[in-house]
Amino acid sequence: MFQDIRVEELLDQRKKQDVTLIDVRSPSEWEEFTIPGAINIPFFDDEERKEIGTLYKQVSVQKAKERGLEIISAKLPAFIKQFAAIPGRKVVFCWRGGMRSRTTATLLSLMDIHVSRLSGGIREYRKWVVSTLESYELQSECIVLAGNTGTGKTDILQQLEEKGYPVIDLEGLSGHRGSIFGGIGLKPRNQKVFDALLVEALLEYKDSPYIIVEAESKRLGKVVLPNFLIEAKEKGVQLVLELPVPERVRNIMKDYDPAAHKEQCLQAFEHINKRIHTPVAARIESCLLAGAFPQAIELLLEHYYDPRYEYAGKDYEQQPIICKAFSTEDAFEQISALLNKRFFTKQPISRSV
């Protein structure tokens, strides 16, 4: 027979050994939210799940079970074969640790394929995530990478992460860049997925003397940041990047690729055009329609984003550290030098670079 495992036990085991998490819910359930790193081997596909659910509600529990048995029996050899191909420790789960994961684990054990089942399913995992975030006490100092739109903050964060610095990429976790144009070319994540990814990142760096994040508002696309993180950012060390406008325009062109997302850019602009002086808004729209994206971006920076950033920057308690650079590469070198000086030589960061 199979063994049940609690969420805390699962997390502890994943630290010590390779564990393959297998979500046996339908593809749409898996797509909406799963445990980070889990693969999907569905017990029922979406149409089958819908059919079983209809029988369960409108006919009887017994009829639903009988139909479910017919469906899984027909595809059982292929279903079992997928699990047999996965090496090492395996843990299966469904929504509540109920019929789908229990039946899967039972069938596999009969074929001498040993798996564990997550007790309480993904619902229990979600409870653990919410509880962890509600009670989380951030001990690390917050280093906040700030700067006007287009200063390459995300690129710098990614380079720092590649070098082993303790980076929590909030935009990457949320699938959104934070502005009205922030979802262009990306797939925004929902709150459940964001929370799960955030908890994993926080626990990974819980013993680090500092974490590096980007300056963000409380809402990022579809998700909301937890209060403790907002408070830590406001109390943290703010490193403000300053880059020449042409370099910022180049960064935005690279990140957003407006030529490939022209309609999305126009739709996003409709949400803010009334906040911009009418003649300027008309010029921006004309540039977007004509494909003159660098000109449109420069106008947006001057008349919309830069004034808004100047206001938002007042939320921080400490005097910001200004990093003037001529390129994103130059900014990365300056930021990494500052971090090394503060945390490896134990010298305080000076307030100017």
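That block above? That's the structure.
Let me sum up the structure you'll find in this document. Numbering of residues starts from 1 in each chain and follows the order in which that chain's sequence is written. A pLDDT threshold of at least 70 governs which residues receive local features in this predicted model, and a stricter bar of 80 or more applies before side-chain atom pairs are shown or counted, although totals over entire chains, interfaces and linings include all residues. By convention in this description, side-chain values take in all heavy atoms of the structure and omit both hydrogens and water.

## Notes on the nonpolar core
Definition in use: Throughout this description, the term nonpolar core refers to a set of buried Ala, Val, Leu, Ile, Met, Phe, Trp, Tyr and Cys residues connected via side-chain atoms within 4.5 Å. Think of it in three bands: residues with accessible area under 20% of the maximum for their type are buried, residues over 50% are exposed, and the middle band is partly exposed, with areas taken using a 1.4 Å probe on protein chains only. We count a stretch as a helix when DSSP gives it H or I for four or more residues in a row; a strand needs E for two or more, and each element gets its number in order from the N terminus. The contact criterion used is simple: two residues touch if any of their non-hydrogen atoms lie within 4.5 Å.
Counting 39 residues, the largest nonpolar core has Tyr125, Ile168, Leu170 and Leu198 as the members making the most contacts within it. For this core, the element with the most residues is helix H10 (residues 191-204), which contributes 7 residues. Dropping the residues within four chain positions of it, Leu198 is found in contact with Leu133, Ile168, Leu170, Leu173, Pro226 and Leu229. The next biggest cluster of nonpolar side chains, apart from the first, holds 25 residues, and it includes Phe181, Ala268, Ile272 and Ile276.

## Looking at the packing of helix H13 (residues 262-270) against helix H14 (residues 278-290)
Applied cut-off: The axes are straight lines fitted to the C-alpha atoms, using for helices just the contacting stretch, and the angles between their N-to-C directions are given from 0 to 180°. In what follows, roughly perpendicular refers to angles from 65 to 115 degrees, roughly parallel to angles under 35, roughly antiparallel to angles over 145, and oblique to any angle outside these ranges. If you view the pair so one helix is near and one far, a crossing is left-handed when the near helix is turned anticlockwise from the far one by less than a right angle, and right-handed when it is turned clockwise. Gly is placed with the polar residues, together with every amino acid not listed as nonpolar (Ala, Val, Leu, Ile, Met, Phe, Trp, Tyr, Cys and Pro) or charged (Asp, Glu, Lys and Arg).
Where H13 meets H14, the axes come as close as 10 Å, and the angle between the chain directions of the two elements is 165°. Here H13 is positioned roughly antiparallel relative to H14, judged by the angle of their axes. Two packed elements cross with a definite hand, and for H13 against H14 that hand is left-handed. Facing H13, whose interface residues are Lys262, Cys265, Leu266 and Phe269, H14 presents Ala281, Ile284, Glu285, Leu288 and Leu289. Here the residues of the contact of H13 with H14 sort into 7 nonpolar, no polar and 2 charged.

## Things to note about the sheet that holds strand E10 (residues 237-242)
Whether parallel or antiparallel, the strands of a sheet pair through hydrogen bonds between backbone atoms. Here is the rule we go by: Note on pairing: DSSP must find at least two bridges between two strands before they are called paired.
One open sheet accounts for 4 strands, arranged E7-E6-E10-E11; its pairing is parallel. The open sheet terminates on both sides in strands that have one partner only, identified here as strand E7 (210-214) and strand E11 (321-324). Averaged over all neighbouring strand pairs, the angle between strand axes comes to 25°, with direction disregarded. Where strand E6 (residues 141-147) meets E7, 5 bridges bridge the pair, whose relative direction is parallel. Opposite Cys142, over in E7, you have Ile211 as the bridge partner. Contacts between helix H8 (residues 153-162) and the sheet are confined to E6, E7 and E10, with E7 contributing the most and set at about 150° to the helix. Taken strand by strand, helix H16 (residues 328-343) contacts E6, E7, E10 and E11, and its axis lies near 145° from that of E11.

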